[in-house]
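Chain residues, written in single-letter form:
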Amino acid sequence: MSEEFSPTFVTITDEDGNDIELELVDALEHNGQKYMAFFPAETEDSDEEDPDTGLVILKVLTENGEEMLSTLDSDEELEAVYDLFMEALFEDEEDEDS
């Protein structure tokens, strides 16, 4: 039996009211907090050189029983979680090469 995996997309609204479609790359837990990593979904007018097309890391908060995505609180938190996602990504690539 083969399982098919399809990408997971979410749409978030930025502080200017613009909708941004993101593709889920990975999720992890660090210090009791859940984090999710996304790449902006590719569109016909995507520019790979645009600095806004990099990895987007958001944390999952639960309010009134509902999960919400939020930005991280500090640069230190972002750097620590980014490093964890990069370690996992490169570990996966090494496994594929073996």
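Up top you'll find the structure we're talking about.
The numbering scheme is per chain: residues are counted from 1 as the chain's sequence reads. Totals for whole chains, interfaces and linings use all residues, but because this is a predicted model, local features are given only for residues with pLDDT of at least 70 and pairs of side-chain atoms are given and counted only at 80 or more. Side-chain measures here rest on the full set of heavy atoms in the structure, leaving out hydrogens and waters.

Looking at this structure, I do not really get unusual backbone geometry. What am I missing?
If a residue is not glycine, its phi is most likely negative; likewise, a peptide bond is most likely trans. For Asn-31, which is not glycine, the phi torsion reads 50° and is therefore positive. Where helices and strands are cited, they refer to DSSP runs of H or I of at least four residues and of E of at least two residues respectively, numbered from the N terminus. Mapped onto the fold, Asn-31 is located in the loop between strand S2 (19–30) and strand S3 (33–40). With a relative accessible area of 72%, Asn-31 lands in the exposed category. Of note in this structure, Asn-64 is not a glycine but carries a positive phi near 55°. Residue placement: Asn-64 occurs in the loop between strand S4 (56–63) and strand S5 (66–70). Burial classes follow relative accessibility: with a 1.4 Å probe on protein chains only, a residue under 20% of its type's maximum area counts as buried, one over 50% as exposed, and anything between as partly exposed.

Just to check I follow, could you spell out the pattern of salt bridges for this structure?
Where charged atoms of side chains with opposite charge meet at close range, the side chains can pair. Only one rule defines a salt bridge in this text: a Lys or Arg side-chain nitrogen within 4 Å of an Asp or Glu carboxyl oxygen. Tallied over the full model, the rule gives two salt bridges. Its salt-bridge partner being Lys-59, residue Asp-73 comes within 2.6 Å of it at the nearest N-O pair. Here Asp-73 is found in the loop between S5 and helix H1 (75–97), whereas its partner Lys-59 is found in strand S4, with 14 residues between them in sequence. With a relative accessible area of 64%, Asp-73 lands in the exposed category. Classification of Lys-59 by relative accessible area gives buried; the value is 6%. Between Glu-77 and Lys-59 there is a salt bridge whose closest N-O contact spans 3.9 Å. Highlighted residues: Glu-77 in helix H1 and Lys-59 in strand S4, separated in sequence by 18 residues.

What should I look at first to understand the nonpolar core in this one?
Inside soluble globular proteins, nonpolar side chains tend to come together where they are buried. Judged by nonpolar contacts, Leu-28, Tyr-35, Ala-37, Ile-57, Leu-72, Val-81 and Phe-85 together constitute the single largest core of seven residues. Mapped by element, the contributors of at least two residues to this core are S3 and H1. In plain words, nonpolar cores are sets of buried Ala, Val, Leu, Ile, Met, Phe, Trp, Tyr and Cys residues tied together by side-chain atoms within 4.5 Å. Of all hydrophobic cores here, the second largest spans five residues; its members include Leu-22, Met-36, Phe-38 and Leu-58.

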